[in-house]
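# Chains, contacts and geometry: an overview
Residues per chain, in single letters:
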Amino acid sequence: HHILMLERVMQEADHFDIVHSHLDYLPFSLFRRHSTPNVTTLHGRLDLPDLKGVFREFSDMPLISISNAQRNPLSWANWQGTVYHGLPMRLLKPAEGPKEYLAFLGRLSAEKRVDRAVEIARRSGVPLKIAAKIDPSDRDYFKAVAEPLLKLPAVHYVGEIGDAEKAAFLGQARALLFPIDWPEPFGIVLIEAMACGTPVIAYGKGSVPEIIDEGVTGFIVGSIEEAVEAVGRLHTLDRTQIRTVFEKRFVARRMASDYVSIYNRVIEARSETKGSATTLASFSSTASAV
């Protein structure tokens, strides 16, 4: 389906000012052979060894990162800018109700470390609610590690939830726990919590220090002990201010504006290059005639 889609896009590319891809390196070879300006947002981790050869070959491709930290393994690539994710202003709002539990929202996978979340909640003496999906690739981890934890006292597994349930789930939580163990490229659940006015307690890996304002929208920690201590300081954070930070930094309108700025810059750069090429072609033709 991706190949069919790319073929359709490239057949019609002349009708557009720019083609914006979210398919990693898959369209690079096609982009190189077409005159329409292009840009690619990368959404995944970039520290995998096999990626270096691909991005070295296609070092001319204009790229956008979703955090500055994401770029580190390929710092030499053709980065045009970082555009943080944004959510519609009204998609999620703070919820009324008691703040009696800690929340974990995401995948039940090794890198998300739900086991840490359970331990943080247990040591804090606060119930934990887990809303998470189980991808087929994570089934072994779920069976070996996660499933036994879901049966512990004060741990409540609610399953996978959608946007309609997130406002209540996050908004009524004392905090979102984000105890990751990998170089998170962004972590959209962080801004979902902020949209609900809910503070975040997160391990400081990957993009976390860029997304969370320490002591304002949450606490950045490096151990279970630090996370437990942070739970005890949640009362010092202003949930209204957390929502205000979300509205300033992580709404869809800001994201769109950032992308348009990059589009204009990439289009302008391509136009200048094409102008030079046209001049050189004319000069070559004249010289040949002489």
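Residues numbered from 1 in each chain as written. Predicted model: local features only at pLDDT ≥ 70, side-chain atom pairs only at ≥ 80, totals over all residues. Heavy atoms only, no water.

### What to know about the packing of helix α4 (residues 114–124) against helix α9 (residues 224–231)
For any two helices packed against each other, the geometry is given by the interaxial angle and the distance between the axes. Put simply, the rule is: Each axis is a line fitted through C-alpha atoms, and for a helix only the stretch in contact is used; angles between axes span 0 to 180 degrees, taken between their N-to-C directions. What counts as a helix is a DSSP run of H or I of at least four residues, what counts as a strand is a run of E of at least two, and both are numbered from the N terminus. Angle categories: roughly parallel below 35 degrees, roughly antiparallel above 145, roughly perpendicular from 65 to 115, and oblique for all the rest. By definition, turning the near helix anticlockwise from the far helix through less than a right angle yields a left-handed crossing, and turning it clockwise yields a right-handed one. Any pair of residues with heavy atoms lying within 4.5 Å of one another is described as a contacting pair. Polar here means any residue outside two lists: the nonpolar Ala, Val, Leu, Ile, Met, Phe, Trp, Tyr, Cys and Pro, and the charged Asp, Glu, Lys and Arg; Gly therefore counts as polar.
At a minimum axis distance of 9 Å, the contact between α4 and α9 shows a crossing angle of 50°. Relative to α9, α4 is oriented oblique. As α4 runs across α9, the sense of the crossing is right-handed. Contacts from Arg-116, Glu-119, Ile-120, Arg-123 and Ser-124 of α4 reach α9 at Ile-224, Glu-225, Ala-227, Val-228 and Val-231. Of the residues in the contact of α4 with α9, the class split is five nonpolar, one polar and four charged.

### Thoughts on the pattern of salt bridges
Rules: One speaks of a salt bridge when a side-chain nitrogen belonging to Lys or Arg is within 4 Å of a carboxyl oxygen belonging to Asp or Glu.
Across all of its chains, the model carries 21 salt bridges by this definition. With a shortest N-O distance of 2.5 Å, Arg-8 and Glu-12 are connected by a salt bridge. Separated by four residues within a single helix, Arg-8 and Glu-12 lie in helix α1 (residues 2–12), roughly one turn from each other. The salt bridge partner of Glu-119 is Arg-123, with a shortest N-O separation of 2.8 Å.

### Here we look at the sheet that holds strand β3 (residues 63–65)
Operational definition: Note on pairing: DSSP must find at least two bridges between two strands before they are called paired.
With respect to topology, four strands assemble into an open sheet ordered β1-β2-β3-β4, the strand pairing being parallel. Single-partner strands in this sheet number two, and they are β1 (19–21) and β4 (79–82). With strand direction ignored, the average angle separating the axes of adjacent strands in the sheet is 25°. Where strand β2 (residues 38–41) and β3 come together, two bridges link them in parallel fashion. Note that in β3 the partner of Thr-41 across the bridge is Ile-64.

### With respect to unusual backbone geometry
Within the chain, Arg-113 stands out as a residue other than glycine whose phi angle is a positive 55°. A positive phi angle, close to 70°, is found at Ala-154, a residue other than glycine. Mapped onto the elements, Ala-154 comes out in the loop between α5 (139–149) and β7 (155–157).

### Here we look at helix α6 (residues 163–171)
The condition is simple: The buried label applies to any residue whose accessible area, calculated with a 1.4 Å probe on protein chains only, is under 20% of its type's maximum; exposed applies above 50%, and partly exposed to all values in between.
Lys-166, Ala-167, Phe-169, Leu-170 and Gly-171 are the residues of α6 that are buried. Buried positions along α6 lie against β5 (101–107), β6 (128–133), β8 (173–178), α7 (188–195) and α10 (239–249).

### Things to note about the side chain of Thr-217
Our working rule: Under this definition, polar contacts are N or O atom pairs within 3.5 Å; protein pairs additionally need one hydrogen-donor-capable and one acceptor-capable atom, and for neighbouring residues in sequence, both atoms have to be side-chain atoms.
In this structure, Thr-217 sits in the loop between α8 (208–211) and β10 (218–221). Residue class for Thr-217 comes out buried when judged on its relative accessible area of 0%. In this structure the side chain of Thr-217 is engaged in a polar contact, spanning 2.9 Å, whose partner is the backbone nitrogen of Asp-213. With residues up to four places along the chain from it excluded, the contact list for Thr-217 reads Met-194, Thr-198, Pro-199, Val-200, Ile-211, Ile-212, Leu-237, Ile-242 and Val-245.

### Here we look at the packing of aromatic side chains
Defined as follows: Stacked, edge-to-face and tilted are the three classes for Phe, Tyr and Trp ring pairs, Trp counted by its six-membered ring, which pair at centre distances within 6.5 Å; planes under 30 degrees apart are stacked, over 60 edge-to-face, the rest tilted. The rule is short: NZ of Lys or CZ of Arg within 6 Å of the ring centre and within 35 degrees of the ring normal puts a charge over the ring.
This structure, assessed with the given rule, holds eight aromatic pairs. Between the aromatic rings of Tyr-259 and Tyr-263, the centroid separation amounts to 6.2 Å while the plane-to-plane angle is 25°, which identifies the pairing as stacked. A residue pair is termed a helical-turn pair when its members lie 3 or 4 positions apart in one helix, as Tyr-259 and Tyr-263 do in helix α11 (residues 252–289) at four residues. Tyr-259 gets classed as buried once you look at its relative accessible area, which sits at 9%. Among the aromatic side chains, those forming a connected cluster through ring pairs are Tyr-25, Phe-28, Phe-55 and Phe-58. A cation over an aromatic ring shows up here: Arg-56 above the ring of Trp-76, its NZ or CZ 3.6 Å from the ring centre. The ring centre of Phe-219 lies 4.1 Å from the NZ or CZ of Arg-233, which sits over that ring.

### Considerations on the side chain of Arg-243
Positionally, Arg-243 belongs in helix α10. Each residue touching Arg-243, except ones within four places of it in the same chain, is listed here: Met-89, Leu-92, Lys-93, Pro-94, Met-194, Ala-195 and Gly-197.

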